[in-house]
There are 2 protein chains.
Amino acid sequence: MKLSANEEYGLRCLVRLAYAGFEERALTIPEISQAEGVSPAYAAKILRVLRKGGFVKAARGKEGGYTLARPAASIRIGDVIDALGGRLFESDFCDSHAGQAPICTRSVDCSVRSLWRAVQVAVDQVLSKTTLRDLLQNEEEMNSWVRTIPGANGLRLIQ
Amino acid sequence: MKLSANEEYGLRCLVRLAYAGFEERALTIPEISQAEGVSPAYAAKILRVLRKGGFVKAARGKEGGYTLARPAASIRIGDVIDALGGRLFESDFCDSHAGQAPICTRSVDCSVRSLWRAVQVAVDQVLSKTTLRDLLQNEEEMNSWVRTIPGANGLRLIQ
DNA sequence: CCTAATCTATACTTAATAGTCAAGATTACT
DNA sequence: AGTAATCTTGACTATTAAGTATAGATTAGG
């Protein structure tokens with residue numbers, strides 16, 4: 001139950017590109033890698049995932065670089081996380097040992113899986129409501145956000 | 001953002017031991033490993049972690065085996081997950097590259113980290129309210145649980 | 001058309017996690 | 001005491017994720 005490096009750095013790259021987008025400026029791999037403190041090669045690897053996920057687009061050649069492929073407000077963090085590292089649980093543990101044990105009361109469900117599902121729902125409620133736009137700390141527009149999660153140290157989510 | 005194998009199997013082992021506890025019965029490694037569909041050696045490895053975490057206790061020798069170290073109702077799932085695989089984010093990404101970048105508005109915080117913290121809070125709200133006892137599907141006592149998480153397919157949490 | 005700046009792709013290395021193996025230590029029962 | 005059933009430990013291997021290296025493809029500008 002950890003964040004992968006891909007998820008962490010990938011999301012950070014998007015935030016930078018969103019800021020650069022305010023000035024209609026593309027960022028190059030050297031710029032991004034230096035800002036994030038990772039090697040250019042690794043930044044390139046992450047950016048490829050983001051490009052294939054449709055979150056960024058690249059322009060080659062001189063004066064090239066990366067920009068967001070669409071407006072920050074239309075990029076849901078949940079979708080980004082999906083592309084970068086997958087959801088909390090994918091394998092179907094309960095099915096794989098169905099019939100062996102007295103724990104599963106229904107053939108395709110059991111208590112442990114229900115718990116993971118509850119966790120997944122809780123996570124999704126945060127991630128699917130948050131867009132890349134919400135992560136930009138832009139004082140002027142903070143008023144458009146409504147709810148503040150207690151304990152989340154100031155993060156606002158769309159209502 | 002995935003569940004580790006340790007977390008999945010470790011929690012399942014605890015559920016089995018809790019059920020066995022109803023009959024005041026200890027479970028051996030062969031029993032547990034067969035029920036969970038993992039090798040005895042791997043089950044032993046996981047059970048060691050659970051023992052060091054204080055969740056189970058072991059009796060050696062003939063007639064030995066594992067039992068819960070304390071009542072299921074006193075074992076919080078959040079603590080189990082902590083012992084088995086750690087929390088969602090540990091490293092302090094924002095501090096590690098502080099001073100380099102224009103994203104962090106405060107020296108020890110930034111938008112991405114706030115998001116992770118919000119996710120962590122959401123997860124904790126589920127995991128710290130749920131005990132091992134809550135995962136036992138015991139019809140007689142289901143009434144003592146109060147809230148049902150929508151979409152969680154029947155999981156009840158303590159109010 | 002040439003060059004420098006840029007992305008692209010694939011293969012490689014290293015580190016972390018998952019899972020196995022074998023030898024040793026403890027206990028109940030006879 | 002002896003034996004079989006059990007847990008305990010540490011080292012080992014395999015698989016996956018993280019991160020690197022290198023050669024190639026594309027483009028702007030001279």
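Whatever comes next refers back to the structure up there.
A short tour of the structure in this document, coming up. Quantities reported herein were computed from a predicted structural model and do not represent experimental measurements. Once a new chain begins, its residue numbering starts again from 1 and follows that chain's sequence as written. Chains and ligands are labelled by the order in which they are written, letters from A for the one and numbers from 1 for the other. Under the rules for a predicted model, residues below a pLDDT of 70 receive no local features and side-chain atom pairs below 80 are neither given nor counted, while totals for whole chains, interfaces and linings still include all residues. Calculated side-chain values reflect all of the structure's heavy atoms, with hydrogen atoms and water omitted.

Each helix and strand counted, chain A has six helices and four strands in total. Under the scheme used here, helices are H or I runs from DSSP no shorter than 4 residues and strands are E runs no shorter than 2 residues, and both carry numbers assigned from the N terminus. Of the regular secondary structure in chain A, the N- to C-terminal order runs α-α-α-β-β-α-α-α-β-β. Relative accessibility under 20% of the residue-type maximum defines a buried residue, over 50% an exposed one, and the middle range a partly exposed one, all with a 1.4 Å probe and only protein chains included. Within chain A, the fraction of its 159 residues that count as buried is 48%. The long-range share in chain A, meaning contacts at least 24 apart out of those at least 6 apart in sequence, stands at 55%. Of the accessible surface of chain A, which amounts to about 7,600 Å², a share of 51% is contributed by carbon and sulfur atoms. In what follows, a contact means two residues having at least one pair of non-hydrogen atoms within 4.5 Å. Note on areas: these come from Shrake-Rupley sampling with a 1.4 Å probe, and a residue is covered only by the protein chains present in the view.

Residue and element names in this part refer to chain A. Position of R51 relative to the elements: it lies in helix 3 (residues 40-52). Residue R51 is classed as partly exposed on the basis of its relative accessible area, which comes to 39%. For R51, the contacting residues outside a window of four places in its chain are V56 and A58.

Before going further, it helps to examine the pattern of salt bridges. Here, a salt bridge means any side-chain nitrogen of Lys or Arg that lies within 4 Å of a carboxyl oxygen of Asp or Glu. Going through the model one piece at a time under the given rule, you end up with ten salt bridges over all chains. Its salt-bridge partner being R25 of chain A, residue E31 of chain A comes within 3.8 Å of it at the nearest N-O pair. Take E31 of chain A: its relative accessible area is 36%, and that puts it in the partly exposed class. For R25 of chain A, a relative accessible area of 38% translates into the label partly exposed. Close ionic contact of R76 of chain B with D79 of chain B constitutes a salt bridge, the shortest N to O distance being 3.1 Å. Connected through shared salt-bridge partners, E23, R25 and E31 of chain A make up one network.

It is worth spelling out the protein's contact with DNA strand D at this point. Close to DNA strand D lie 23 residues, the nearest being S39, Y42 and K45 of chain A together with R51 and Y66 of chain B. Within the side chain of K45 of chain A, a nitrogen or oxygen atom sits 2.7 Å from a base nitrogen of DNA strand D. In protein, a polar contact means a hydrogen-donor-capable atom and an acceptor-capable atom, both N or O and within 3.5 Å, with residues adjacent in sequence counting only if both atoms are side-chain atoms; elsewhere, any N or O pair within 3.5 Å suffices. With respect to DNA strand D, the side chain of Y66 of chain B contributes an N or O atom lying 2.9 Å from a phosphate oxygen. Mapped onto the surface near DNA strand D, the elements with two or more residues apiece are helix 3 of chain A together with helix 2 (29-36), helix 3 (40-52), strand 1 (56-59) and strand 2 (65-68) of chain B. With three residues, helix 3 of chain A is the largest single contributor of residues to the surface near DNA strand D. We call a residue near a molecule or strand as soon as one heavy atom of that residue lies within 4 Å of the molecule or strand.

Given the number of residues in a helix, its expected span is that number minus one, multiplied by 1.5 Å. When the terminal C-alpha atoms of helix 6 (residues 111-127) of chain A are compared, their 24 Å separation across 17 residues agrees well with the 24 Å that a helix rising 1.5 Å per residue should span. Across the 17 residues that make up helix 6 of chain A, a large majority, 15, are buried.

Right, let's get into the side chain of S111 of chain B. As for its placement among the helices and strands, S111 of chain B is situated in helix 6 (residues 111-127). Within the local environment of S111 of chain B, its side chain forms a polar contact with the backbone oxygen of L135 of chain A, the two atoms lying 2.9 Å apart.

Before going further, it helps to examine a positive patch on the surface. Residues and elements named next belong to chain A. A cluster of basic side chains, namely K45, R48, R51, K52 and R60, defines a positive patch on the protein surface. Position of R60 among the secondary structure elements: in the loop between strand 1 (56-59) and strand 2 (65-68). Residue R60 is classed as exposed on the basis of its relative accessible area of 83%. Every patch collects residues that have over 30% relative accessible area and no salt bridge, joining them within 9 Å if they carry like charges and within 5 Å if they are nonpolar side chains (Val, Leu, Ile, Met, Phe, Trp, Tyr). Positive charges come from Lys and Arg, negative ones from Asp and Glu, while His and the chain ends are left out of the count. Positions of charges follow a simple convention, taking NZ of Lys, CZ of Arg, CG of Asp or CD of Glu.

Let us look at the pairing of strand 2 of chain B. All names here are of chain B. By definition, two strands form a pair when at least two bridges between them are found by DSSP. Sheet topology note: the strand 1/strand 2 ladder contains four bridges and is antiparallel. Residue A59 lies in a different strand from strand 2, and its bridge partner there is G65. From the end of strand 1 to the start of strand 2, which pair antiparallel, there are five residues, and G61 there has a positive phi angle of about 80°.

A separate point is the protein's contact with DNA strand C. Around DNA strand C there are 24 residues in total, and R48 and Y66 of chain A together with A5, S39 and K45 of chain B lie nearest to it. For DNA strand C, the fraction of atoms within 4 Å of the protein that belong to sugar or phosphate moieties is 73%. Y42 of chain B has a polar side-chain atom sitting 2.9 Å from a phosphate oxygen of DNA strand C. Here K45 of chain B contributes a side-chain N or O atom positioned 2.7 Å from a base nitrogen of DNA strand C. Put simply, the parts of the chain that give the surface near DNA strand C at least two residues each are helix 3, strand 1 and strand 2 of chain A together with helix 3 of chain B. When residues of the surface near DNA strand C are assigned to their parent elements, the largest contribution, three residues, is made by helix 3 of chain B. Put simply, Ala, Val, Leu, Ile, Met, Phe, Trp, Tyr, Cys and Pro go in the nonpolar bin, Asp, Glu, Lys and Arg in the charged bin, and everything else, Gly too, in the polar bin. Of the residues contributing to the surface near DNA strand C, the split by class is eight nonpolar, seven polar and nine charged.

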